[in-house]
Amino acid sequence: MSSDLSQVFTKVSAFSLAGVLGVGTVAYLASKAFLPKNARWQDRYTFIWLAFDALIHFSFEGSFLWLSVFGRQVNTSVGPFAEMWREYAAADFRWGVSDPTVVSLELLTVLGAGPLCCYILKQLVNDDPARHYWIIVLSTAELYGGWMTFCPEWLTGSPNLNTSNALHLWVYLFFMNIIWVIIPFGLMYDSYSHIAGSLRAQQRLARSKKA
């Protein structure tokens, strides 16, 4: 039993998940430091998510991009980040061989979504309502990235996905990707409510003045 468990959950798995937890902790502490205590709970959770999102894009995914563009590929690279990505590549083989579609999406994610997260964080701190437009832009990009990562696999019978390992299936492939679906949808709904509410209020005001 212990040997089976060691094959499912390795030291690299532990360090990788601890790294994700550490990023989440930093994002939470940043929200405590930069947001006022009376901030809406929605804005606080949005800040935590965006800070987490930016840090993941820059550190974890940024390292993948570095290894894939400036190195050879994850499978033939050395170092802690290469080991971490080989762990993930055991679940989705494309990440180990610099698959061009994955690398293309990560270029947009690291160079586009990451800085946009930081810009929205600045708007949140300044309580700038314009953030709601950019939240929708960012969320749409995140959802598109997830779709283009997995839809080609589903259409071809998922030849690069290994679902035989419970950790790889439910943590790496499912959980670590579904949160980039559920949370962006939630953020889009909240921002849509603000934008639509403001526009409708202006419309009612304009009609009342005409009357």
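Residue positions within a chain follow its written sequence, with the count starting from 1. Since the coordinates come from a predicted model, pLDDT governs what is reported: local features require at least 70, and pairs of side-chain atoms require 80 or more to be given and counted, while whole-chain, interface and lining totals use all residues. With hydrogens and water set aside, each side-chain value is computed from the structure's full complement of heavy atoms.

*Asks:* Please set out the UniProt feature "transmembrane region" (unreviewed entry) in the protein residue by residue, giving values where relevant.
*Replies:* UniProt positions are given in the numbering used here, feature names are shortened, and annotations may be inferred rather than shown by experiment. Within this structure's numbering, the places UniProt gives as "transmembrane region" (unreviewed entry) are residues 12–35, 47–67, 102–121, 133–150 and 170–189. In DSSP terms, a helix is any run of H or I states spanning at least four residues, a strand is any run of E spanning at least two, and both are numbered starting from the N terminus. Taken end to end, residues 133–150 is 100% helix and 0% strand, and its two terminal C-alpha atoms sit 27 Å from one another.

*Asks:* Give a description of a nonpolar patch on the surface that names residues and reports values.
*Replies:* Two distance rules govern patches: like charges are joined within 9 Å, and nonpolar side chains (Val, Leu, Ile, Met, Phe, Trp, Tyr) within 5 Å, applied only to residues with over 30% relative accessible area and no salt bridge. For accessible areas, the Shrake-Rupley method is used with a probe of radius 1.4 Å. Any residue's cover is judged against the shown protein chains and nothing else. For this analysis, a salt bridge means a side-chain nitrogen from Lys or Arg found within 4 Å of a carboxyl oxygen belonging to Asp or Glu. A surface patch of nonpolar side chains, amounting to about 570 Å² of accessible area, comprises W66, V69, F70, L107 and L111. For the nonpolar patch, the secondary structure elements donating two or more residues are helix 3 (41–69) and helix 5 (100–125). Accessibility here uses a 1.4 Å probe with only protein chains present; expressed as a share of the type maximum, an area under 20% marks a residue as buried, one over 50% as exposed, and anything in between as partly exposed. When its relative accessible area of 42% is taken as the criterion, V69 is described as partly exposed.

*Asks:* How would you summarise the packing of aromatic side chains if you had to cite specific residues and measurements?
*Replies:* Aromatic contacts are taken between Phe, Tyr and Trp rings whose centres are within 6.5 Å, Trp giving its six-membered ring; a plane angle under 30 degrees counts as stacked, one over 60 as edge-to-face, and the others as tilted. Going through the model one piece at a time under the given rule, you end up with 16 aromatic pairs. Note on Y133 and W134: the rings are 4.9 Å apart at their centroids and 80° apart in plane angle, and the pair reads as edge-to-face. Its relative accessible area of 30% is what places W134 among the partly exposed residues.

*Asks:* Please set out helix 2 (residues 11–34) residue by residue, giving values where relevant.
*Replies:* For a helix, the expected span equals 1.5 Å multiplied by the number of residues minus one. Here helix 2 is 24 residues long and its end C-alpha atoms lie 34 Å apart, about the 34 Å a rise of 1.5 Å per residue gives. Turning to helix 2, its buried residues are S13, S16, V20, V23, A27, A30 and S31.

*Asks:* Go over the state of the cysteines, please, and point to the residues and values.
*Replies:* Any two cysteine sulfur atoms within 2.5 Å of one another count as a disulfide. The tally for this structure, following the rule as stated, stands at zero disulfides. Not engaged in a disulfide, the cysteine C117 finds its nearest cysteine sulfur in C118; these two sulfurs lie 6.7 Å apart. A relative accessible area of 0% places C117 in the buried class.

*Asks:* So what's going on with the nonpolar core? Residues and values would help.
*Replies:* Within the largest apolar cluster, 45 residues are counted, with the highest numbers of intra-cluster contacts made by L50, F52 and W85. With 12 residues, helix 3 is the single largest residue contributor to this core. Between two residues, a contact is recorded if the distance between any of their heavy atoms is within 4.5 Å. With near-sequence residues (within four places) excluded, L50 lies in contact with C117, I120, L121, L124 and L138. Side-chain atoms within 4.5 Å are what join buried Ala, Val, Leu, Ile, Met, Phe, Trp, Tyr and Cys residues into a set we call a nonpolar core.

*Asks:* So what about the packing of helix 2 against helix 7 (residues 166–210)? Which residues, and what values?
*Replies:* Between helix 2 and helix 7, the shortest axis-to-axis distance is 13 Å and the interhelical angle comes to 25°. Comparing their axes, helix 7 and helix 2 come out roughly parallel. Read as a crossing pair, helix 2 and helix 7 show a hand that is left-handed. Contacts between helix 2 and helix 7 involve S13, L17 and V20 from the first element and L167, V171, Y172 and M176 from the second. Every angle, taken between N-to-C directions, lies between 0 and 180 degrees, and every axis is a line fitted to C-alpha atoms, over only the stretch in contact when it is a helix. In what follows, roughly perpendicular refers to angles from 65 to 115 degrees, roughly parallel to angles under 35, roughly antiparallel to angles over 145, and oblique to any angle outside these ranges. Note on convention: near helix rotated counterclockwise from far helix by under a right angle means a left-handed crossing. Clockwise means right-handed.

*Asks:* I'd like a rundown of unusual backbone geometry, residues and numbers included.
*Replies:* One non-glycine residue, S98, lies in the positive phi region at around 55°. Along the chain, S98 falls in the loop between helix 4 (80–89) and helix 5. Phi at S158 is positive, roughly 55°, even though this residue is not glycine. When its relative accessible area of 23% is taken as the criterion, S158 is described as partly exposed.

*Asks:* I'd like a rundown of the side chain of S68, residues and numbers included.
*Replies:* You can see S68 is positioned in helix 3. Using a relative accessible area of 11% as the deciding quantity, one classes S68 as buried. Beyond its immediate sequence surroundings of up to four residues, S68 is in contact with S98 and V103.

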